[in-house]
Amino acid sequence: MNAQGTGSTTARAEVIGNGAFLSIEDLSVEIESQHSARQLLRHVNLHVPQGKVLGLVGESGSGKSLTALAIMGMLPTSPRFLVDGTIRFQGEDLTAATQARLRQLRGSDIALIGQDPMASFNPSMRIGQQISEPLVIHRGWSRRQARHEAIDLLERVGVRQPYEMVDAFPHEFSGGMLQRAAIAMAIGTSPSLILADEPTTALDVSVQDRIIRLLRKLCDEDGLSMLFISHDINVVASIANDLAVMRHGEVLEAGPVRSVLTAPARDYTKELLDAVPEMDGPSLARRRFTPAGELEPRHKREPADLLRVEDLKVQYRLPNSQLFSKRYKLALDGISFDVKQGEILGIVGESGSGKSTTARSVVRLLAPKRGRIMFEGVDLLALSPRRMRRVGTRIQMVFQDPFSSLNPFRTVRRTLDAVLRGQSRQSRKDRDERIEDVLTAVGLGPEFFDRYPHELSGGQRQRLGIARALILQPDVVILDEALSALDVSVQAHVLDLLVRLQAERNLTYLFVSHDLATVKSVCDRVIVMNAGEIVEQGPTAEVFGNPQNSYTRLLLEAIPNAASEMKRLS
Amino acid sequence: MISVIVRRVLESLTVLLGIAILIFLIGEVVGDPARLMLPMDASQETYEAFRRERGFDRAIHVRFLEYLGGVVTLDFGDSLRSGVDAKSLVLRAFVPTLLLAFTTQLVALLIAVPVGTVAGMRPNSFANRLTSTLSIVSISVPTFWAGMITISVFAVSLRLLPTSGYGALHFFVLPTFALALGITGRLAEVVRASVQEQMTSQYVKTARAKGVPERRIVFGHVLRNAMGPVLTVSGDEFATLIGGATVIEVLFGWPGIGYLTVGAIEGRDLPVVQASVMMTATAIVGLNAIIDACYGRIDPRVRRRR
C-alpha cells in the first residue's frame, strides 16, 4: 500500500468518526453460474473500529458468514464468486491482495473462530499441535517452543489441566472446552482482528455465557477488534459495541448497539427484536386463545392426568464392534412425571440431559430398560407392537429438523396421504378432505399441496411437520426442539400457530426445548433435566421465578438477555 | 491393553473354529473319502478293511474331534494324490502367493495414493475426471484378459519377459501388472473420493483460516483422515490375494495357494483342500487383526472405543 492509499483510508475513517481499521466499503459479491448471476452481497458497508466489537446479526441466508469469508479471501473458487468493492484492513485493500498475501494474514493478523468446535478441529491431530500450528507456520517456531506456548494458551482460555490436555485429541474434549481451545488457536499469534462466526451457536446456554465472557475479556485485555456474527440478537448485544443488521445480503442498519436496539430505524430490526422470546415478556400462555377466540382463564376444573411416566430408565448400547462385550450409557435414570389433559409441559435441559430421550421413549422410538408410561390407564411399554401402532396414533411427534424428517420424494399431499393410508381405510375423497383441512389449519394454502420439501422454506416445512402430526387427530403432541432449526422471526410465527392449535383442538403438548425463554412463554408447567435426572419440576412461574435447584438457577442466569434488557430500559 | 488383546485372540479363535466346522461338514457332504482314495475297481472287502484301517467307519463326532485335534496340531493328514504331508504342501505354496500379494498391493498403493490424492485435491479439474475415467476403465478390465494380453504382447511378441513360471524378479512383472491393474483403479477411486470429501470438511477450512499452505493441509491434515476407507478397501483386496489369485496363478503357472487348491479340488484331495482353506482363513483373520490395529493408528477415536 502506498502512502496515498493509507491516507485516504484515514480520511474516510475520520468521516466515520471512529478510526475504523477494518473497513468494508461497498462490497458486493455475485455468484456466477452458467446461465445466471445471483447477487449474494449488495453494497455492504461495515466498519470495525480498533479494539471494538462489531456485532453482525441476521437470519440464515442474510450473507453474514459470506462477509467473513470475503474478508479472509476464502470464498470458494468454483462456482466463481465475483467480488466488487473494497475491504480495507489496516490500510490494505484485501480484495486486491494476492492469495499468498492473504495466506500470510490469515492466522497471523486475522483469525477465525468457527461455529462447530468439534468439526473445526482435525480429529486425528493432537490439540496442542493444532493450536500452535499458526505459530509454526507464521513465526517459524520449533515444535517444542510451540507446544509450550500451546500450554500457556490453553491455560489462558481456561482449559483445565492444560499440561495433559495439550496432548489430547479433540474427541476427548467437551464442546465448551473445545471452543475454548479454538479461541486459544485463534489468539496464539496475537492477531489484531478476530472473526467469530456463530461461535456459541452449537453450545449449551451455560457454556455460551462463559465463552462470551472469555471473548469479551480477551478483547478488553489485548485490544482486539472483533467481528461477531450471530443469528441471536441477545448474544450479540451482550458482547458488541456496534451492531449491524443484515438481510438478503444487505446491511439494513448499523450503529452503536444501544441506539439500534432502543430506536431501531428499520421495521425488520423491530421484527427481529419482537420475535426474540423474552424472559420478562408477556406469557403466551396468559394470552391464550380459546376456541371462541376470547380470552378466558384456563383450567376451570382440575384436569386429569393424561400421561404418567413412572421410574423410566433408558440406557444406550455404545457403538462397539467387539463380539464379546457390551457397554452402555445411562441416558435416563429413573424419572417420573405426569402430564395433564390440555396442558403444555416444558422439558428443558442442556444437550445430553436426556430430554429428547424422554420424548422418544414416550412414543416408543426407544426401548426403555425399566419403568412404565401410563396413557389413559394403559402401560404403553407393555403393549404389543400392533396395539402400540393403534394407540400410538394418539401421541404424535414433531421433530427438530423438518427437512431430514420429510421424505424428499413425496409432495406435501402425498406425505400426509401416506400417514392416513397407513392408519385407516378411507376413500380418496375423505382423505383429501382431511388433508386440506389440516393444511389449512397450519396455514399452508392450496398452492403448496403439490410441492416437494425442497420447494418449501424452513418454516413451511415445519408447518408440514406439524400437519403430519395433527392429521391423525392425536391427543398428545411431542415437540422435540421443534423450533430450534428455524430463524427467530419464523419461530415466532410457528410458535403462535402451535399455541393456537393447542387451544382449538384441546391438545396436550410435551414441549422439549433448550430455549428457556420460549418455554417460559408457552408452558404451564416445566421439568428441568440434568444428566438423565429431573432436578426440578413445577408450574412455570414458580420454577422460573423462584428456582430451588442450583442447576436451574445456573441455567437461568446464563441466558443472554442484553437486547431485552436494553429495550426494557429505553 | 492386555484384555483387549486377549479378547481379540478369543474372537479370532471363534471365527477359526467356525471355519473348521464348516470345512469338516463340507468334507462330509462331498462324498465318502474311502471311495475317493481307493481305485475304482476295489472290492467290497478291501473297501471295508480300508475304512476300518483309516477309521472312516467311526461315528461322526469321534471323527470330528479327531479332525479338530488335527487342525489344532496343524496335522491335516497326507495328500491323497502325492502322499506328501498336506501341511508342508500348503506352506510351500503359501510363499509365492504371499510374495505376489505383497508386490501387487505395494504397486497398487504406490500408484493409487499419489494419483488419487492429486485428483481429490482438485474436485473440478481435468486431473480429477481423468482419474475417475481411468479408474473405471482399469476396474472394468477382467484380470484373466489383462493376463492374456500382457502375455501375448510382452512375452510372445516382444519376448521381453517369461510367459510363465516363478523365480527371479522378472517373473513377477506380468502377473503383478495383471493383478494390480484393477486393484489400482479401485484404490485410486477410493483415495480420490476420500480426499475430496475430507477437503470439504470444516477442519480444512479452519486450517486455511490459519494460513496453512495447501500442500501442508493435504499432507499434514487431510491424508491421514482420508486413509480409513483406503485401508478398508486395500485390506479386502489383500485378503482376496492371500486366498490365492487363482486365475492368474493358473495362467502364469505360479505355484501358489490358488494353483494348489484348484488342483486339489479337481483331484478330490480333501486333506490338501482342508489344509489350504484353513491356512488361508488363519492368514485372513490375522490380517484383519492387523488392519484393525492400523485403524487405531490412523484415527484416535477408534483407540478409546476398544
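Residues numbered from 1 in each chain as written. Chains lettered and ligands numbered in written order. Predicted model: local features only at pLDDT ≥ 70, side-chain atom pairs only at ≥ 80, totals over all residues. Heavy atoms only, no water.

Colleague: Help me understand a negative patch on the surface in this model?
Modeller: A cluster of acidic side chains, namely D430, E433, E436 and D437 of chain A, defines a negative patch on the protein surface. Along the chain, D437 of chain A falls in helix α16 (residues 428-441). (Patch = residues over 30% accessible without salt bridge, like charges linked within 9 Å, V, L, I, M, F, W, Y side chains within 5 Å. Areas by Shrake-Rupley, 256 points an atom, 1.4 Å probe, with all protein chains shown as cover. Salt bridge = Lys/Arg side-chain N within 4 Å of Asp/Glu carboxyl O. Lys, Arg positive; Asp, Glu negative; His and termini not counted. Charge placed at Lys NZ, Arg CZ, Asp CG, Glu CD. Helix = DSSP H or I, 4+ residues; strand = E, 2+ residues; numbered from the N terminus.)

Colleague: In this structure, what is going on with the packing of helix α5 (residues 127-138) of chain A against helix α8 (residues 175-187) of chain A? I would like to understand it.
Modeller: Each pair of packed helices can be summarised by the angle the axes make with each other and by the distance between the axes. Residues and elements named next belong to chain A. In contact at an axis separation of 8 Å, α5 and α8 are set at 30° when each is read in the N-to-C sense. Considering their axes alone, α5 and α8 lie roughly parallel with respect to each other. From α5, I127, Q130, I131 and P134 reach across to α8, where they touch L178, A181, A184 and M185. Among the residues making up the contact of α5 with α8, the classes are represented as seven nonpolar, one polar and no charged. (Axes fitted to C-alpha atoms, helices over the stretch in contact; angles between N-to-C directions. Parallel < 35°, antiparallel > 145°, perpendicular 65-115°, else oblique. Contact = heavy atoms within 4.5 Å. Nonpolar A, V, L, I, M, F, W, Y, C, P; charged D, E, K, R; others polar.)

Colleague: I keep staring at the side chain of E59 of chain A and nothing clicks. Help me out?
Modeller: Residue placement: E59 of chain A occurs in the loop between β3 (53-57) and α2 (64-72). Residues within four places of E59 of chain A in sequence aside, it is in contact with K64, M246, Y268, L272, D487, V488 and S489 of chain A.

Colleague: I'm lost on the sheet that holds strand β7 (residues 193-197) of chain A in this one. Help?
Modeller: Either a parallel or an antiparallel arrangement is found when strands of a sheet pair, and the pairing is made through backbone hydrogen bonds. All names here are of chain A. Read across the sheet, six strands follow the order β6-β7-β8-β3-β9-β10 without closing on themselves; strand pairing throughout is mixed. Sheet topology places β6 (110-113) and β10 (250-256) at the edges, where each strand pairs with a single neighbour. Across the sheet, the axes of successive neighbouring strands diverge by a mean angle of 15°, strand direction being ignored. As paired elements, β6 and β7 share four bridges and run parallel to each other. In the strand pairing of β7, I113 is matched with A196. (Pairing = 2+ DSSP bridges.)

Colleague: Just checking my understanding: could you explain helix α12 (residues 257-266) of chain B for this structure?
Modeller: Three- or four-residue spacings in an α-helix give side chains the same orientation, since the helix completes a turn every 3.6 residues. Residues and elements named next belong to chain B. Turning to α12, its buried residues are I257, G258, L260, T261 and A264. Here the buried residues of α12 occupy an arc of 160° about the axis, which is enough to place them on one side. Those residues of α12 hidden inside the fold are in contact with α5 (86-121), α10 (214-242), α11 (246-251) and α13 (270-298). Just downstream of α12 lies R268, where phi reads positive at about 50°. (Buried < 20%, exposed > 50% of the residue type's maximum accessible area, 1.4 Å probe, protein only. Arc of directions from axis to C-beta.)

Colleague: Would you explain unusual backbone geometry in this entry?
Modeller: Note: most peptide bonds trans; most residues except glycine with negative phi. Residues and elements named next belong to chain A. For D26, which is not glycine, the phi torsion reads 55° and is therefore positive. With respect to the helices and strands, the residue D26 is situated in strand β1 (residues 20-32). Even without glycine at this site, A531 takes up a positive phi of about 50°. On the basis of relative accessible area, A531 is assigned to the exposed category, the value being 57%.

Colleague: Please explain the interface of chain B and chain A as it appears in this structure.
Modeller: One frequently used descriptor of interface size is the decrease in accessible area upon assembly of the parts. Counting residues at the interface gives 27 residues for chain B and 32 residues for chain A. Summed over both partners, the interface of chain B with chain A buries about 2,700 Å², with 57% contributed by carbon and sulfur atoms. We note a salt bridge from R216 of chain B to E133 of chain A, for which the minimum N-O separation is 3.2 Å. There are 14 residue pairs in polar contact (both at pLDDT 80 or more) connecting chain B and chain A. Counting only elements with at least two residues in the side of chain B that touches chain A, the list comes to α1 (2-30), α9 (202-209), α10 and α14 (300-305) of chain B. (Buried area = accessible area lost by both parts, 1.4 Å probe. Polar contact = N/O pair within 3.5 Å; in protein donor to acceptor, adjacent residues only side chain to side chain.)

Colleague: Which parts of the structure should I look at to understand the layout of surface pockets?
Modeller: A water-sized probe rolled over the atoms picks out the places where empty space is left. For the second largest pocket, the calculated volume is near 1,100 Å³. Lining the second largest pocket are 34 residues, with M74, L75, P76 and T77 of chain A together with R208 of chain B positioned closest to its centre. Looking at the lining of the second largest pocket, the elements with two or more residues in it are α2, β4 (80-89) and α3 (99-105) of chain A together with α8 (170-199) and α9 of chain B. Per element, the largest residue contribution to the lining of the second largest pocket is five residues, and it comes from β4 of chain A. Looking at the lining of the second largest pocket, its residues break down into 17 nonpolar, ten polar and seven charged. (1 Å grid on protein atoms, 1.4 Å probe; cavity = no way out; pocket = protein on both sides within 12 Å on 5 of 7 lines; lining within 4 Å. Points joined across faces, edges and corners; volume = space filled by probe spheres on them.)

Colleague: So what exactly am I meant to see when it comes to the domain arrangement of chain A here?
Modeller: All names here are of chain A. Along its sequence, chain A is organised into domain 1 (3-109 + 189-275) and domain 2 (305-569). Taking the mean C-alpha position of each, domain 1 and domain 2 sit 36 Å from one another. Each partner contributes residues to the interface: domain 1 has 22 residues there, and domain 2 has 18 residues. Buried surface at the junction of domain 1 and domain 2, both sides included, amounts to about 1,800 Å², of which 58% is carbon and sulfur. Its largest share of buried area at the contact with domain 2, domain 1 owes to D204, V205 and N234, together 29% of the area lost on that side. Across the domain 1-domain 2 interface, the total number found is zero salt bridges. For the interface between domain 1 and domain 2, the tally reads three residue pairs in polar contact (both at pLDDT 80 or more). Put simply, the parts of the chain that give the side of domain 1 that touches domain 2 at least two residues each are α9 (205-222), α10 (233-237), α11 (257-262) and α12 (267-275). Top element by residues in the side of domain 1 that touches domain 2 is α9. It accounts for five residues. In terms of residue class, the side of domain 1 that touches domain 2 is built from ten nonpolar, seven polar and five charged. (Domains from an automatic or database assignment.)

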